[in-house]
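Coordinate inspection notes
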Amino acid sequence: MRPVIQEKIDNLNKPKGSLGRLEELAMQVCLVQQTLTPSLSHPCHLLLGGDHGIEREGVSVSPRDVTWQQMINFTRGGGGVNMFCRQHGFRLRVVDVGVDHDLSGVTGIVDRKIACGTRNFRYEAAMTEEEYGRCMDVGAGLVDECTDEGCRVLCIGEMGIGNTSPSSIWMSLFGNIPLEECVGAGAGLDTPGIRHKYEVLREALDRFLAAEPQYDTPAVVRYFGGFEMVAAVGAMLRAAERHLLVLVDGFIMTACAIAAIRLCPDAQYYMVFTHCGDESGHRRMLDIVHARPLLQLGLRLGEGTGALCAFPLIDSAVRMVNEMNNFDNAHITKYF
């Protein structure tokens, strides 16, 4: 189908290739949806929340209470993610996958809780194999719900204090990068804090490698991942199966995307890497999968906000291929 799509794009009344990355995005969306007339109907944003046992080791400047407090804030429309979802017409689903707080009675939060936070991977695996499977199923089920409502484009964000720690370890193992080069400030650690974080993660990684010298991708994801992160991996994989375009956000979601790609390389064809964030190492993480981000705005909020900011570019690409006239219909001489 690629040659047919390319012919349509090349015959729009513009110089060939003159709309640059928009033409590449249009090609990608057409291939994902296998059509010459793509749609971004019913866009959905999954905001997945979970807490991390490793947070108990002082690897984050923020306490874990911020996770549940922000989850409630999202239901009241007060977060950055709320603003951008309203701006771009995304339906927001706030999902508790593993927050260490009882949110079952909070209107506006979807309850998919696996447990009240993961275990502390400094000493043991963050989750069991059964919990890992349930997380993957949660992500897949959420995508099915969105798709059944007509969704064609999916954005995924996260809320989980401490989740840059597992992301840094995934980056190190999946990218074959020294751990020290993967550990950053997260939400705002100072230099001694970053050093402490590195030492904790180094100990955890050494313990894992001693126990799993021949590790595979599922073992890494299960041992270090957060419930919200593994659910995101499951969502990305199911989105590819359902031919949805997936907008990949910042450091944490890029780590999840890399995990998904390692589990199913074809999943990358469905992903748009939307921006390069301000978190240390994000550019190197993008390089692991040779991704070219659309934006570089110094963002590091998470929640999927950077991906939502990039949505208008994807929308412009789809409008280009659907709404621009071609040379024949416009009675313009084709000049290339």
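The following paragraphs examine the structure supplied in this document. (Residues numbered from 1 in each chain as written. Predicted model: local features only at pLDDT ≥ 70, side-chain atom pairs only at ≥ 80, totals over all residues. Heavy atoms only, no water.)

Our focus in this paragraph is the packing of aromatic side chains. A full pass over the atoms with the stated rule returns seven aromatic pairs. Here Phe121 and Phe224 contribute two aromatic rings whose centre-to-centre distance is 5.1 Å and whose plane-to-plane angle is 80°, an arrangement assigned as edge-to-face. Taken together, the residues Phe121 in the loop between β3 (109–111) and α5 (129–148) and Phe224 in helix α8 (residues 217–224) connect sequence positions 103 residues apart. Grouping residues by exposure puts Phe121 and Phe224 together as buried. Aromatic pair Phe208 and Tyr215: ring centres 5.7 Å apart, planes at 50°, arrangement tilted. (Phe/Tyr/Trp six-rings, centres within 6.5 Å; stacked < 30°, edge-to-face > 60°. Helix = DSSP H or I, 4+ residues; strand = E, 2+ residues; numbered from the N terminus. Buried < 20%, exposed > 50% of the residue type's maximum accessible area, 1.4 Å probe, protein only.)

This part is about the environment of Pro312. The topology assignment puts Pro312 in helix α12 (residues 305–323). Once the C-alpha coordinates of Pro312 and Thr164 are considered, the two residues, 148 residues apart in sequence, prove to be 27 Å apart.

Counting residues in each nonpolar core, the largest one holds 115 residues, and the members touching the most others are Trp170, Phe224, Leu247 and Met271. Sort the elements by how many residues they give to this core and helix α9 (residues 227–241) lands first, with eleven residues. Look past the residues within four positions of Leu247 in its chain and what remains in contact with it is Phe90, Val153, Leu154, Cys155, Ile156, Val272, Thr274, Ala307, Phe311 and Ile314. (Core = buried A, V, L, I, M, F, W, Y, C linked by side-chain atoms within 4.5 Å. Contact = heavy atoms within 4.5 Å.)

Two faces, one strand: in a regular strand the side chains alternate between the faces of the sheet. Counting buried positions along strand β4 (residues 153–159) yields seven of seven residues, so the element is predominantly enclosed. Going residue by residue along β4, you find Val153, Cys155, Gly157 and Met159 tucked away on one face and Leu154, Ile156 and Glu158 tucked away on the opposite face as well. Two strands pair when backbone bridges link them, and strand β1 (residues 44–50) and β4 are joined in this way by six bridges, in the parallel orientation. Within β4, the residue paired with Cys44 across the bridge is Leu154. (Pairing = 2+ DSSP bridges.)

Here we have six strands laid out as an open sheet, ordered β3-β2-β1-β4-β5-β6, and parallel in their pairing. The open sheet has two edge strands, β3 and β6 (271–273), and neither has a second partner. For this sheet, the mean inter-axis angle between neighbouring strands, taken without regard to orientation, is 30°. In this structure, β4 lies alongside strand β5 (residues 245–248), joined through three bridges in parallel fashion. Following the sheet pairing, Val153 is matched in β5 by Leu245. Contacting β1, β2 (91–98), β4, β5 and β6, α9 runs over the sheet at an angle of about 150° to β1. This element, helix α10 (residues 251–263), spans β4, β5 and β6 of the sheet and lies at about 145° to β6. (Axes fitted to C-alpha atoms, helices over the stretch in contact; angles between N-to-C directions.)

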